[in-house]
Amino acid sequence: MLGHEPRHKWTPEVGLSEPWKHQHPCIWVFCLLCLYASFSCVCLSSCVHCIYRYQVFLYFTVAFQNISCGVHYLASVFMTVLPRYACRPPGNVSRVLFHNVSDWRLDNIWKLSSSGHEEQVVVQLQDGEIWELKRCNRFRRDNLSNLDYNYNGHKSRFPCLDGYIYDTSKWDSTVVTQWDLVCNREWFAKLIQPTFMVGVLLGALIFGYLSDRIGRRLVLWSTSIGMYFFGIAAAFTLDYYSFMLARFLLAIVSSGYLVVVFVYVTEFIGMKARTWACIQVHSFFAIGTMVVALTGYLVRTWWIYQIILSTVTAPFVLFCWMLPETPFWLLSEGKYEEAQTVVDQMAKWNRAGTFKLSELLSLDLYSPADKQSLYANKHRLLYLFYDYNIGKRTLTVWLIWFTGCLGYYSFSLNSVNLGGNVYLNLFLIGAVDIPASIVLCFGMDILGRKKALITALFSSAVFCGLIMVIPLKYYFWTMVTTMAGKFAIGAAFGLIYLYTAELYPTVIRTQAVGSGSMVSRAGSIMAPFSINLSSIWIFIPQLLIGCLAFVSGILTFQLPETLRKPLISTWEEATTPDAEKESSSGKLSPTTSNTDAGQTRSD
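Numbers given to residues run from 1 along each chain, matching the order in which its sequence is written. The model is predicted, so local features are restricted to residues of pLDDT at least 70 and side-chain atom pairs to those at 80 or more, both for listing and for counting; the totals for chains, interfaces and linings are taken over all residues. The basis for the side-chain values is all heavy atoms of the structure; hydrogens and waters are excluded.

*Asks:* Account for the overall build of the protein chain, with residues named and values stated.
*Replies:* Every helix listed is a DSSP run of H or I at least four residues long, and every strand listed is a run of E at least two residues long, numbered separately from the N terminus. Per the secondary structure count, the protein chain includes 25 helices and eight strands. When the 603 residues of the protein chain are sorted by exposure, 57% land in the buried category. When the accessible surface of the protein chain is totalled, it reaches about 24900 Å², and 64% of it is carbon and sulfur. Buried residues are those whose accessible area, probed at 1.4 Å on protein chains only, stays under 20% of the maximum for their type, while exposed residues exceed 50% and partly exposed ones sit between those limits. Methods summary: accessible areas were calculated by the Shrake-Rupley approach with a probe of 1.4 Å, and residue burial reflects only the protein chains presented.

Take a look at the structure:
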């Protein structure tokens, strides 16, 4: 499907390899629930002393919807499955011949044939004509005297004007079989995932900007409703082009939510729990990947599969209206009274004493000087290159985003080409992100953001090299090493979301995360094409990822450390060297107090 044949042939039992063909679907459900429960327990036990009920409610509400992002980003893995196929004969079939085996039904053609695509099938029509059926052409024999598999006489070539017959032993229907995206239309199928990622790129840019202009809350509302609507619409499209349009719009809103939810969580969670909370949001995306594998295993009709995936997080639509705006954004826009209302509500939920922001921050709520932020840097994206050091930092961060995204999706998409059970492969590739995020959180607390990121990038480069030297016949070790590589690159990709938000001040924070996500989508657009290049040399994806990860790891040495430091609120703080920051670390930023509102007063 993605450029070359699997390393091992599938067994006939619904595409499952021998060790897994007897597994019951309930085992999959049990594994998913156990992973999710263990993740939730670890996250809560680690953060229970750092965040309170209000933050817990907001966190799990917005993080739950992140499952939907993971679902839609990788749903095409099974929607675009390319089954075995051949030209359909121009009439009713009376007999089918494959080598020395014959049958009376055309539906049994795939039981007679092997997994090879190029072998012909000979059929005899009810009117006596004999046809040879191949993938993209069919031939009519001029000699009708006997029905032999091998024929050296004259025959006429015809295109597949009557459509195609498909192997339905694994999938009843896919997008490929729905609109005959084979032969000279095969490139239409290969454009489905890259086009989706182009939409993701635009969504990161559009909604990253909008969330800084109109607020985080409105963006979360609109993108959540959009994901539900466009996801359902894609299942009911009548042609390929309307399907692509629905998926493109779905990509835009999914990307918008994914970008803004990290900033939303970052600005609501206190500094002590920020690491765990932001990184574990990525685990919900991984759960979405596992949901794709589980749904693909249980449902083999693409439009039903799409509907189920689109309704996984439907309950969120009922609760998203309860989400408040972040005090960070309200203060940056001069909306002090609204920020005070959110702080009071936070304190009430947490059963803590409230306080006046005007007294804490020494603000004059009626002074126009405090509202100069409304004249809000029309060209904010250019401020990512505020000076030479900030510009160098931005380019380094963008390269890490690109590398992480390319590696993340290359490992995920290529999992179905490793052999064995493709559903189990994708499930494990998604599941490995959960322990990766947990290990990453401990590593970040011990090593810091920068050292943890460097370790993850260098480790992914090493594992890519190991994959290249393991013989193809050792499927088990190839899969283990691939999971280790995904573990490392997933840790790096999860960390860069939080790290980017901590490297830039409030007024540009969402734009920084959004622009990084936008750049990373160039990597996700390239991922399907790099998998297709595997037909030239099977290790091109690993070589590309390994080299980029190594270079990114070296450049990361120049980034500052942000561990146990308050969020940056001004450009002066962003451009101050670490040594100077440490000398004045006794002074807390006002924004730190905002983040922990409703917590510190109760201690």
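From this point, things continue past the structure.
*Asks:* With reference to specific residues and values, describe the packing of aromatic side chains.
*Replies:* Only the six-membered ring of Trp is used, alongside the rings of Phe and Tyr, when aromatic pairs are assigned; centres must lie within 6.5 Å, and planes under 30 degrees apart are stacked while those over 60 apart are edge-to-face, with the rest tilted. A complete count under the given rule lists 28 aromatic pairs for this structure. Ring plane angle 85° and centroid distance 5.4 Å describe the contact between Tyr73 and Phe285, whose orientation is recorded as edge-to-face. In this pair, Tyr73 is assigned in helix α2 (residues 53-74) and Phe285 in helix α10 (residues 274-298), connecting sequence segments 212 residues apart. Phe285 carries the same exposure label as Tyr73, and that label is buried. With a centroid separation of 4.9 Å and an interplanar angle of 35°, the aromatic rings of Phe78 and Tyr423 are classed as tilted. Here the residue Phe78 occupies a position in helix α3 (residues 76-79), and Tyr423 occupies one in helix α17 (residues 422-431), the gap between them amounting to 345 residues. Of the two residues, Phe78 and Tyr423, both sit in the buried class. Members of the aromatic cluster, joined through ring pairs, are Tyr73, Phe196, Phe285, Trp401, Tyr408, Tyr409 and Phe493. The rule for a charge over a ring is simple: NZ of Lys or CZ of Arg within 6 Å of the ring centre, and within 35 degrees of the ring normal. We note Lys155 situated over the ring of Phe139; from NZ or CZ to the ring centre the distance is 5.5 Å. Note that Arg300 overlies the ring of Tyr297, its terminal NZ or CZ placed 5.9 Å from the centroid.

*Asks:* Any details on the side chain of Thr556? Residues and values, ideally.
*Replies:* Within the secondary structure layout, Thr556 lies in the loop between α22 (540-555) and α23 (571-575). What makes Thr556 buried here is its relative accessible area of 0%. One polar contact links the side chain of Thr556 to the main-chain carbonyl oxygen of Ser552, over a distance of 2.6 Å. Contacts: residue pairs with any heavy atoms within 4.5 Å of one another. Not counting residues up to four positions away in its chain, the partners in contact with Thr556 are Thr396, Ile400, Lys450, Leu453, Ile454 and Leu457. Any pair of N or O atoms that falls within 3.5 Å is considered a polar contact. Within protein, one atom must be able to donate a hydrogen and the other to accept it, and sequence-neighbouring residues count only if both atoms are side-chain atoms.

*Asks:* Can you lay out the environment of Gln558 for me, pointing to particular residues and giving the numbers?
*Replies:* On the secondary structure map, Gln558 appears in the loop between α22 and α23. Separated by 162 residues in the primary sequence, Gln558 and Thr396 place their C-alpha atoms 8.7 Å from one another. Contacts of Gln558, omitting those with residues within four sequence positions, involve Lys392 and Thr396. Within the structure, the side chain of Gln558 is placed 2.5 Å from the side chain of Thr396, a separation counted as a polar contact.

*Asks:* Kindly report on the pattern of salt bridges, identifying the contributing residues and their values.
*Replies:* Salt bridges are identified by distance alone: a Lys or Arg side-chain nitrogen within 4 Å of an Asp or Glu carboxyl oxygen. In this structure the tally under the stated criterion is eight salt bridges. A salt bridge links Glu132 to Arg141; its shortest N-O distance comes to 2.9 Å. Arg141 shares its class with Glu132; the two are buried. Between Lys486 and Asp433 there is a salt bridge; the shortest N-O distance is 3.3 Å. Within this pair, whereas Lys486 is found in helix α20 (residues 475-503), its partner Asp433 is found in helix α18 (residues 433-447), the two being separated by 53 residues in sequence. A relative accessible area of 0% means that Lys486 is categorised as buried.

*Asks:* Requested: an account of helix α16 (residues 388-414), with residues and values cited.
*Replies:* Expected helix span is given by 1.5 Å per residue-to-residue step, counting one fewer step than there are residues. The end-to-end C-alpha distance of α16 is 39 Å, a good match for the 39 Å that 27 residues give at a rise of 1.5 Å each. Counting buried positions over the 27 residues of α16 gives 22, a clear majority of the element.

*Asks:* I'd love a proper account of a nonpolar patch on the surface, names of residues and values included.
*Replies:* Each patch is built from salt-bridge-free residues with over 30% relative accessible area, joining like charges within 9 Å and nonpolar side chains (Val, Leu, Ile, Met, Phe, Trp, Tyr) within 5 Å. Residues Phe550, Val551, Ile554, Leu555 and Phe557 make up a contiguous nonpolar surface patch of about 450 Å² in total accessible area. By the secondary structure assignment, Ile554 is in helix α22. Residue class for Ile554 comes out partly exposed when judged on its relative accessible area of 43%.

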